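Overview (structure and organization)
As a plain string of letters, each chain reads:
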Amino acid sequence: MKIVGFQANNSVRLGVVEGDTVIDVHTVDPKLPSDLGDYLRVSNGDLKTLAALAAKAPASARIPLAGLKFALPVARPGKIICLGLNYLDHVKEGPQKDNIPKFQSIFFRMLTSLTPHLQPLMRPVKSIQLDYEAEMVVVIGKRAKHLTMANATDCVAGYTCANEGSVREYQRHTTQWGMGKNFDRTGSIGPWMVSADELPKGGKGLKIMSRLNGNTMQSSNTDHFMFPVAESLVYLTEGMTLEPGDVILTGTPSGVGHARKPAPVWMKAGDVCEIEVEGVGLLRNPIEDERA
């Protein structure tokens, strides 16, 4: 099942994607939470109610997917957790090439740094070094702490795509990456969440790529994770409680703009960047310059 957040009548709504249409489940149950994270908290990660509502929705509840104004798949995630340096080939193309990580590199993004599918990414006034990063995203469906390898992926509601856009100049100012990862509207998540039951456990074996203006820049597979989803969930929950609606960006493969030869390639106004994860979807964003 593909669950999408979208905007209509000045509010965010939930829909189920079927073919080239979206079923607005709020037409069947107006009291349904409008944020997927809120729904997951109320349902403890069970998506059956959404499926049942979609199945009995009238024809009038269907709207064209074309022209939909997308919202983030989770409108208000409690935590936006990012895993850095999760593909060895990406480690080797960067400044940490002689320091292969033994543990997951964990950092966080803020909601203001993200924008939905089809909405513009903003190249900031202060830097031209806006880089693309194709990533698969894990959406948490159930509260989880002290997970084990046997039950780690049981808390996963589904998966989506991300462009974990980075302002490289600011990212390199210190050893802490937070500033370069949190410029307003420099990253994106979407277009929807695909439920975990439609994909291999832990999102294994999925092709992942980025394209800039139609040119393939990154092409890899989630089998190349240094720290696969299950292992990462176990590690994270050693210290923090994961809550329904939390999202986890799982790292990017090689081919990013700062490492291109003979010269770096940065996203600029007029460009279009696409992120595609096999079985999940295609996230597309135009690039615009931030207005001072």
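Described in the following lines is the structure provided in the data block. Bear in mind that the values here come from a model prediction, so they are computed numbers and not experimental data. (Residues numbered from 1 in each chain as written. Predicted model: local features only at pLDDT ≥ 70, side-chain atom pairs only at ≥ 80, totals over all residues. Heavy atoms only, no water.)

**Overview of the pairing of strand E14 (residues 207-212)**
Relative to strand E15 (residues 215-221), E14 runs antiparallel, the two sharing six bridges. Residue pairing for E15: Ile208 is matched across the bridge by Ser220. In textbook terms, the turn of a hairpin is the stretch between consecutive antiparallel strands, and for E14 and E15 this stretch comprises two residues, one of which, Asn213, has a positive phi near 55°. Bridge count for E14 against strand E17 (residues 272-277) is five bridges, and the pairing is antiparallel. Paired with Met209 across the two strands is Glu276, which belongs to E17. (Pairing = 2+ DSSP bridges. Helix = DSSP H or I, 4+ residues; strand = E, 2+ residues; numbered from the N terminus.)

**Thoughts on the sheet that holds strand E8 (residues 121-123)**
In spatial order, the strands read E8-E18-E17-E14-E15; together these five strands make up an open sheet with mixed pairing. Edge strands, defined here as strands with exactly one partner in the open sheet, are E8 and E15. Mean inter-strand twist for the sheet, computed between neighbouring axes without regard to direction, equals 20°. (Axes fitted to C-alpha atoms, helices over the stretch in contact; angles between N-to-C directions.)

**Observations regarding the environment of Val138**
Counting through the fold element by element, Val138 comes out in strand E10 (residues 134-140). When the C-alpha positions of Val138 and Gly202 are compared, they lie 8.6 Å apart, and in sequence the two are 64 residues distant.

**What about the pattern of salt bridges?**
Per the counting criterion, the structure on display carries 17 salt bridges. Among the salt bridges present, the one from Arg13 reaches Asp24, with a minimum N-O distance of 2.7 Å. Residue Arg13 is found in strand E2 (residues 11-18), and its partner Asp24 is found in strand E3 (residues 21-24); the two are separated by eleven residues along the sequence. Measuring nitrogen to oxygen at the nearest pair gives 3.1 Å for the salt bridge that ties Glu274 to Arg211. Of this pair, Glu274 sits in strand E17 while Arg211 sits in strand E14, and the two are 63 residues apart along the sequence. Judged by relative accessible area, which is 13%, Glu274 ranks as buried. Judged by relative accessible area, which is 14%, Arg211 ranks as buried. Here the salt bridges share partners, and the residues they tie into one network are Arg109, Asp131, Glu133, Glu164, Arg168 and Lys181. (Salt bridge = Lys/Arg side-chain N within 4 Å of Asp/Glu carboxyl O. Buried < 20%, exposed > 50% of the residue type's maximum accessible area, 1.4 Å probe, protein only.)

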